[in-house]
Amino acid sequence: MARKVQGGSGKAARRRLRKARSKITARLKREFTFRGHTMEELQAMPLEDFAELLPSRLRRSLTRGASDEQEKLYKSIREGRKQVYRTHRRDIVILPFMVGKRFAVHSGKEYKEVDVQADMLGHFIGEFALTRKSVKHTGPGVGATRSSKFLPLK
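Residues numbered from 1 in each chain as written. Predicted model: local features only at pLDDT ≥ 70, side-chain atom pairs only at ≥ 80, totals over all residues. Heavy atoms only, no water.

Break down the pattern of salt bridges for me, citing the residues and quoting the values.
If you walk through the whole model with that rule in mind, you get four salt bridges. In this structure, the salt-bridge partner of aspartate 115 is arginine 102, at a minimum N-O distance of 2.7 Å. Pair noted here: aspartate 115 is in strand β5 (residues 111–115) and arginine 102 is in strand β4 (residues 102–106), with a separation of 13 residues, a long-range link. Within the structure, one salt-bridge network assembled from shared partners comprises Glu69, Arg89 and Asp91. (Salt bridge = Lys/Arg side-chain N within 4 Å of Asp/Glu carboxyl O. Helix = DSSP H or I, 4+ residues; strand = E, 2+ residues; numbered from the N terminus.)

Just give me the short version of the pairing of β4, but keep the residues and values in it.
The buried fraction of β4 amounts to four of the five residues, a majority that puts the element mostly inside the structure. The turn linking β4 back onto β5 is made up of four residues, and glycine 108 within it adopts a positive phi angle of 105 degrees. (Buried < 20%, exposed > 50% of the residue type's maximum accessible area, 1.4 Å probe, protein only. Pairing = 2+ DSSP bridges.)

Quick rundown of the layout of surface pockets? Include the residues and the values.
For the largest pocket, the calculated volume is near 220 Å³. In this structure, the largest pocket is lined by 16 residues; those nearest its centre are Leu62, Gly65, Ala66, Gln70 and Tyr74. Of all the secondary-structure elements, those providing two or more residues to the lining of the largest pocket are α4 (56–63) and α5 (68–79). By residue number, the principal contributor to the lining of the largest pocket is α5, which donates four residues. (1 Å grid on protein atoms, 1.4 Å probe; cavity = no way out; pocket = protein on both sides within 12 Å on 5 of 7 lines; lining within 4 Å. Points joined across faces, edges and corners; volume = space filled by probe spheres on them.)

Following this line, the structure appears as structure tokens:
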């Protein structure tokens, strides 16, 4: 048996509740966590412990050690010397101390700007600088189909 809400029909009461809920504009912002750890905990964590939280491919990349070019970039990031760090290395794993920094990653043709955010932890930096441009098709060209020969050229 359906219960009637005092002050009108059930549908009207639900409408009033929905309207009251839509007026609530201030939402609580959830704190970012990466596999149950806050950003402060991740930044205080040693690299070996952080590597244990990553998937196997990234863990292997970190345990094998960084190349000389990667070490040079990591060192300059820790020192905080630049505004934008330019690199050709797309295989650099994004670590907690890199969050909030800006990188210019080479895409094969040009440098693409990447702002590192907390959501990007545990990814390669090259994943965020796309190497292929999306194709934008236009109308049919001359000779594309039998009907396109009747299209005006001007």
